[in-house]
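Summary of the model geometry
As a plain string of letters, each chain reads:
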Amino acid sequence: MRSLSQEISDLGLFVKCASLIQHGWSREDLRAGMNCGAIIRVRKGWYSLPTAPREAVEAFRIGGRLTGLSALRTYGIWTPTTRKLHVVVPADARGLRLPTDMRAPFVIAGAPRWRVSWTDDASNRTPPYVWRVSVIDALVHILNTHDRTTSIVCLDAALHNRDEDGAGILHTDLDHIFQLAPVRAQDWRADVDGRAGSGGETEFRLAAWAAGIPFVPQPAVVGVGHLDGQVGPSTFVEIDGAEWHDNWPAFKADCERDAKVAARSGRVLRFSYDLFRDKWELCERALRCALTDDYRRPPSRAFPEFPWRMSKPRR
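Residues numbered from 1 in each chain as written. Predicted model: local features only at pLDDT ≥ 70, side-chain atom pairs only at ≥ 80, totals over all residues. Heavy atoms only, no water.

**Section: helix α7 (residues 148–163)**
Look at α7: 23 Å from first C-alpha to last across 16 residues, which is about the 22 Å you get at 1.5 Å a residue. For α7, the buried fraction is high: twelve of the 16 residues fall into the buried class. Regarding α7, the residues found buried are Thr-150, Ser-151, Ile-152, Val-153, Cys-154, Leu-155, Asp-156, Ala-157, Ala-158, Leu-159, His-160 and Asn-161. Considering only its buried residues, α7 is in contact with α5 (68–74), α6 (135–145), α8 (174–179) and α9 (199–210). Backbone geometry just downstream of α7 places Asp-165 in the positive-phi region, at approximately 70°. (Helix = DSSP H or I, 4+ residues; strand = E, 2+ residues; numbered from the N terminus. Expected span 1.5 Å × (residues − 1). Buried < 20%, exposed > 50% of the residue type's maximum accessible area, 1.4 Å probe, protein only. Contact = heavy atoms within 4.5 Å.)

**Regarding the pattern of salt bridges**
If you walk through the whole model with that rule in mind, you get 22 salt bridges. Close ionic contact of Asp-175 with Arg-189 constitutes a salt bridge, the shortest N to O distance being 2.5 Å. With Asp-175 in helix α8 and Arg-189 in the loop between α8 and α9, this pair connects stretches of sequence that are 14 residues apart. A relative accessible area of 32% places Arg-189 in the partly exposed class. In this structure, the salt-bridge partner of Arg-288 is Glu-284, at a minimum N-O distance of 3.1 Å. Here the residue Arg-288 and the residue Glu-284 both occupy positions in helix α13 (residues 280–296), the gap between them amounting to four residues, near one helical turn. On the accessibility criterion, Arg-288 (23% relative accessible area) is partly exposed. The structure contains a network of salt bridges with shared partners spanning Glu-238, Asp-240, Asp-254, Arg-257, Asp-258 and Arg-270. (Salt bridge = Lys/Arg side-chain N within 4 Å of Asp/Glu carboxyl O.)

**Digging into the packing of aromatic side chains**
Per the counting criterion, the structure on display carries nine aromatic pairs. Measuring from centroid to centroid gives 5.9 Å for Phe-204 and Phe-215, while their planes differ by 50°, and the two rings are tilted. A residue pair is termed long-range when its members are at least 10 positions apart, and Phe-204 in helix α9 and Phe-215 in the loop between α9 and β9 (216–217) qualify at eleven residues. Like Phe-204, the residue Phe-215 is buried in the burial classification. With 5.4 Å between their ring centres and 80° between their planes, Phe-204 and Phe-276 make a pair best called edge-to-face. Here the residue Phe-204 occupies a position in helix α9, and Phe-276 occupies one in helix α12 (residues 273–278), the gap between them amounting to 72 residues. Each of the two residues, Phe-204 as well as Phe-276, counts as buried. By way of ring pairs, the aromatic residues Phe-204, Phe-215, Phe-271, Tyr-273, Phe-276 and Trp-280 are connected into one cluster. Arg-205 extends its terminal NZ or CZ atom over the ring of Trp-209, reaching a point 4.6 Å from the ring centre. (Phe/Tyr/Trp six-rings, centres within 6.5 Å; stacked < 30°, edge-to-face > 60°. Lys NZ or Arg CZ within 6 Å of the ring centre and 35° of its normal.)

Here is the structure:
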């Protein structure tokens, strides 16, 4: 027998009372479901499940859908951290409510945790878009509201996630996305790549390019595998996030990979997220010194061809 919980899940996770009644459920069924904890009421006349993402419940109680960084995360796409919940509501939205109190009106000045935009004009709110916008709409929102680095990081992450068989975008989607982007963001498309394995790698690549240091993402070295980046004929970088490199097996694997590169007359420079974000000048000096030394030696045939050289930093 089909359960009420399964019905709500199939209908998009957030469902009107009237829709559930149309599908054969009575008000008594809804009351019983709430009493036993199988379902919850998120707004007047709207029901969901206790397993629904907390961010989605908050957005829906406000009266909108997740967008931007908040929506991308629900698709499993890497995003920069943010303390705010990004919510989009229709331009003519009325009756917005605080997510912590369905009876209290939503007031921007008193709601610092939520960033609300009155720009939702989508007509398609069928699953999976009942409580979140599409990946493409989330990226368009980011291009319209965030800085260059954040936007490129998210576009790279969406491309990479799709390559890994997850939710995301194809390179052919970029035409449509940038058609909807503001004028100030049009030049950013040239810097979108999609090969980076994490947002930190994209951040580092953009910082290196701005410093006049060439950076090729994810070079493949025979016998070693893919490294985060190549900046010179025999010089590579690894950008280490604590979540992937703070355990003993990962540390041992990193040491072995570095040794294999060194055995081929190469060098791996490792930078943590905190280091390159907080002390970029130090990282740039380290890169320039390593590359100056690299250029003095004949390139190793063990590494991918790398014809690029340092130049002056971009102004």
